[in-house]
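Listed here are the chains, written in short residue letters.
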Amino acid sequence: MTEPHHYLPLLQTGRWYAQLPADFAQALLRMARVRHLASGEVLFLRDSPPCGLYAVVSGSIRISGQSGRGDDAREALLAVLPPPQWFGEITVFDSATRTHHAHAAEPSTLLQVSQAELLAWLHEHPQHWRDLAVLMADKLRLAFQTMEEQTVLSAPLRLARRLVVMAEGYGVQSGKGGTRRVLAVTQQELALMIGISRQTTNEILKGMEAQGVLRVQRGGLEIVDLPALRRLS
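None of these values were measured; they are calculated from a predicted model.

What counts and how
- Residues numbered from 1 in each chain as written.
- Predicted model: local features only at pLDDT ≥ 70, side-chain atom pairs only at ≥ 80, totals over all residues.
- Heavy atoms only, no water.
- Helix = DSSP H or I, 4+ residues; strand = E, 2+ residues; numbered from the N terminus.
- Buried < 20%, exposed > 50% of the residue type's maximum accessible area, 1.4 Å probe, protein only.
- Contact = heavy atoms within 4.5 Å.
- Salt bridge = Lys/Arg side-chain N within 4 Å of Asp/Glu carboxyl O.
- 1 Å grid on protein atoms, 1.4 Å probe; cavity = no way out; pocket = protein on both sides within 12 Å on 5 of 7 lines; lining within 4 Å.
- Points joined across faces, edges and corners; volume = space filled by probe spheres on them.
- Nonpolar A, V, L, I, M, F, W, Y, C, P; charged D, E, K, R; others polar.
- Patch = residues over 30% accessible without salt bridge, like charges linked within 9 Å, V, L, I, M, F, W, Y side chains within 5 Å.
- Areas by Shrake-Rupley, 256 points an atom, 1.4 Å probe, with all protein chains shown as cover.
- Axes fitted to C-alpha atoms, helices over the stretch in contact; angles between N-to-C directions.
- Parallel < 35°, antiparallel > 145°, perpendicular 65-115°, else oblique.
- Phe/Tyr/Trp six-rings, centres within 6.5 Å; stacked < 30°, edge-to-face > 60°.
- Lys NZ or Arg CZ within 6 Å of the ring centre and 35° of its normal.
- Core = buried A, V, L, I, M, F, W, Y, C linked by side-chain atoms within 4.5 Å.
- Pairing = 2+ DSSP bridges.

Caption draft 1: Examining the environment of Leu 232 more closely. Along the chain, the position of Leu 232 falls in helix H10 (residues 226-232). You can call Leu 232 partly exposed: its relative accessible area is 30%. Excluding residues within four positions of it along the chain, Leu 232 makes contact with Leu 157, Ala 160, Met 208, Gln 211 and Val 213.

And the structure:
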C-alpha cells in the first residue's frame, strides 16, 4: 500500500502546502491515511458530520449541491477539484455538518486527516490555526470572484474564465506544477458550474475550438492556447 509520504512531491506543487511551516506540513502527512474512491463514489454528503481535511492526489472530486425536491430538483456544481487541492477545512473550524456533496468524478485517491486527530494537534499547536485559515481564505476569495462574475459577465466570458481557473488549478499551484492542459470535465458539468444550458456551452466551446484555443474531446477538453484563452476571459 502506498504511504502518504509518497505524495509529498505532488503536494509541494500546491501553493498552500508548499508555504506551510515545516512542522505543520510534516504533521499533516504523519496524520494522513490514503483513501481510494471509485468513479461516482460518495466521499461525503451535505449535512453529514465532519470527517476531517482532505487532499486530492489523483483523479478529481466533484463538489456539488442541490436545490428543490423531486422532479424540480436541480444540481448546482461548484467545482471539480484536481490534485493537489486540499478541501474540507470549513468543518474543522466550526465542527458543523458538511455544506455540500463530494463525489469522485473519476477513480481518485485522497489523503484524509481525521477531524479528531487534526483538532488534537491544533490544540497543542494553536499558532497553526492561522495557516489553516489561509486555506479557507483562498476559497472565500474564489467564491466572491465567482459570485461577481455570475452577476456581471456574459456567458462566453464566464466560461472562458472558469476554464482558465481550472487550468491554473483553482489558484492552488505554487508555480512548480505548471498548468493543466487537459481538463476532465464534461460540457454538462461546465454548464452546471456557470449556470447556462448545455447547448449554449457547446456553442461557445465550438467557437473557441474554431479559433484554435482548445480542442473538445470525449468527456473533457484540451487547452491548446492558454494565452489566447486568457485573452478571451
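Caption draft 2: Expanded view of the pattern of salt bridges. All chains considered together, the criterion is met by six salt bridges. A salt bridge links Asp 138 to Arg 15, with the shortest nitrogen-to-oxygen separation between them at 3.4 Å. Within this pair, whereas Asp 138 is found in helix H6 (residues 129-152), its partner Arg 15 is found in helix H2 (residues 15-18), the two being separated by 123 residues in sequence. Note that Arg 62 is salt-bridged to Glu 189, the shortest N-O span being 3.0 Å. You can see Arg 62 sitting in strand E4 (residues 61-67) and its partner Glu 189 sitting in helix H8 (residues 187-194), a full 127 residues away along the chain. With a relative accessible area of 17%, Arg 62 lands in the buried category.

Caption draft 3: View of empty space enclosed by the protein. The full count for this structure, using the stated rule, is two cavities of 30 Å³ or more. Within this model, the largest cavity holds a volume of roughly 60 Å³. Across the lining of the largest cavity, the residue classes tally to seven nonpolar, one polar and one charged. The wall of the second largest cavity is formed by Thr 146, Glu 149, Gln 150, Arg 158, Arg 162 and Ile 194. At the level of elements, H6 and helix H7 (155-167) are the ones that each hand at least two residues to the lining of the second largest cavity. For the lining of the second largest cavity, the element with the most residues is H6, which contributes three residues.

Caption draft 4: Representation of a nonpolar patch on the surface within the structure. A contiguous nonpolar patch, built from Leu 140, Phe 144 and Met 147 and spanning about 340 Å² of accessible area, is present on the exposed surface. Turning to its location among the elements, Met 147 is positioned in helix H6.

Caption draft 5: Focus on the packing of H8 against helix H9 (residues 198-210). Between H8 and H9, the least distance of the axes is 8 Å, while the angle of their chain directions is 110°. The orientation of H8 relative to H9 falls into the category roughly perpendicular. Mapping the contact onto sequence places Gln 187, Gln 188, Leu 190 and Ala 191 in H8 and Arg 198, Thr 201, Asn 202 and Leu 205 in H9. Tallied by class, residues from the contact of H8 with H9 come to three nonpolar, four polar and one charged.

Caption draft 6: Inspection of the packing of aromatic side chains at higher detail. Applying the stated criterion across every chain yields a total of eight aromatic pairs. Relative to Trp 129, the ring of Phe 93 lies with its centre 5.2 Å away and its plane at 55°, an arrangement referred to as tilted. With a gap of 36 residues between them, Phe 93 in helix H4 (residues 90-94) and Trp 129 in helix H6 connect regions that are remote in the sequence. Among the aromatic side chains, those forming a connected cluster through ring pairs are Trp 16, Tyr 17, Phe 24, Trp 86 and Trp 121. Over the aromatic face of Phe 44 sits the side chain of Arg 98, whose NZ or CZ is 4.2 Å from the ring centroid.

Caption draft 7: The arrangement of the nonpolar core in detail. Judged by nonpolar contacts, the single largest core of 40 residues is most densely connected at Ile 61, Phe 87, Leu 163, Leu 190, Met 193, Met 208 and Leu 229. When sequence neighbours within four positions are dropped, the list of residues in contact with Met 193 reads Leu 77, Leu 78, Ala 79, Val 80, Arg 162, Met 166, Tyr 170 and Val 185. The next biggest cluster of nonpolar side chains, apart from the first, holds 25 residues, and it includes Ala 25, Leu 53, Leu 132 and Leu 135.

Caption draft 8: Expanded view of the sheet that holds strand E1 (residues 33-37). The sheet built from four strands is open, its strands ordered E1-E8-E3-E6 with antiparallel pairing. The open sheet has two edge strands, E1 and strand E6 (86-87), and neither has a second partner. Direction of pairing for E1 relative to strand E8 (residues 108-113): antiparallel, over a ladder of five bridges. Across the sheet, Arg 35 pairs through a bridge with Leu 110, a residue of E8. Along the sheet face, helix H3 (residues 22-31) touches E1, strand E3 (53-58), E6 and E8 and points at about 110° away from the line of E8.

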